[in-house]
Amino acid sequence: MPHSHTSPSDCSCLQAIYARELSHRAANAMQQAIAAVSVSRRGDRSVLDLALRRLTGAADLQEMLAGIQPPLSDLGELLTDTCNAALRAAGATSAIQLHINAPSLLTNSRAARPILMIAAELVTNSVRHAFPDKRGNIVVVMADDGHEARLTVEDNGTCLGWRREGGQGANIVDDLARAMGGGVRRIVNKSGSSRVVVSLPTVAAAAIEPAGAA
């Protein structure tokens, strides 16, 4: 599908969507903390270790998505750190393995942020919904040929849809991709597992930075 870079109005829309989801994620993390403290006060302290892991992951994820990054960063490194934080924040055990194929790519950090949030949302959804037995594999692949960027997130679990009750679900992925001038394709594999492919305009710094820009 053809892509075009975002206009100023598209950028405003993108920032609004991004800010909304950041706020939503922070609220979720606070609710987890409150729930863990409430349970432990009733005498069940077994939840504290899991809650601490999830909250640490949520804090790391929030830092990746909201923190100040250098103007130019390695997208592969950012994506790896973000997806691992999302895995922990979602409460994944060691039985759920994350595999990331994201070659080094110099990118404008601001342009990369929506991709990081999309990846975090898709990894989170796989952890929460794809694995009834709490075990499986999630594969994240990022590619950018200088014209088109493509993010693929696939798991070997059971696909029950992409919308989570009480949250943004698939909407946040679709909204961010659309605001960036791209689109989303969802596939149910023959095994019943899911694959989500997000196609976007390139985020390679060499392609989107004006000549001579710092």
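If you're wondering where the values come from, they're calculated on a predicted model, not measured in any experiment.

**Describing the pairing of strand β7 (residues 194–201)**
Within β7, seven of the eight residues are buried, leaving the element largely enclosed by the surrounding structure. In the sheet, strand β5 (residues 148–155) pairs with β7 via seven bridges, with the strands oriented antiparallel. Counted as the bridge partner of Ala149 is Leu200 from β7. Across six bridges, strand β6 (residues 183–188) lies against β7 in antiparallel orientation. The residue bridging Val184 from the neighbouring strand is Val198, located in β7.

**Considerations on the nonpolar core**
Counting residues in hydrophobic clusters, the biggest one holds 47 residues, and the most contacted among them are Leu79, Val123, Ile138, Val140, Leu151 and Val198. If you tally residues by element for this core, the top one is helix α4 (residues 109–129), at 10 residues. With residues near it in sequence (within four places) discarded, Val198 still touches Ile118, Leu122, Ala149, Arg150, Leu151, Val173, Ala177, Gly183 and Val184.

**Observations concerning the environment of Ser194**
The topology assignment puts Ser194 in strand β7. A relative accessible area of 7% places Ser194 in the buried class. Ser194 sits 38 residues away from Asn156 along the chain, and the two C-alpha atoms are 7.2 Å apart. A polar contact is formed between the side chain of Ser194 and the side chain of Asp155, at a distance of 3.0 Å.

**Here's the deal with the side chain of Asn189**
Residue position: Asn189 is located in the loop between β6 and β7. With residues near it in sequence (within four places) discarded, Asn189 still touches Glu154, Asp155, Ser194 and Arg195.

Criteria and cut-off values
- Residues numbered from 1 in each chain as written.
- Predicted model: local features only at pLDDT ≥ 70, side-chain atom pairs only at ≥ 80, totals over all residues.
- Heavy atoms only, no water.
- Buried < 20%, exposed > 50% of the residue type's maximum accessible area, 1.4 Å probe, protein only.
- Helix = DSSP H or I, 4+ residues; strand = E, 2+ residues; numbered from the N terminus.
- Pairing = 2+ DSSP bridges.
- Core = buried A, V, L, I, M, F, W, Y, C linked by side-chain atoms within 4.5 Å.
- Contact = heavy atoms within 4.5 Å.
- Polar contact = N/O pair within 3.5 Å; in protein donor to acceptor, adjacent residues only side chain to side chain.

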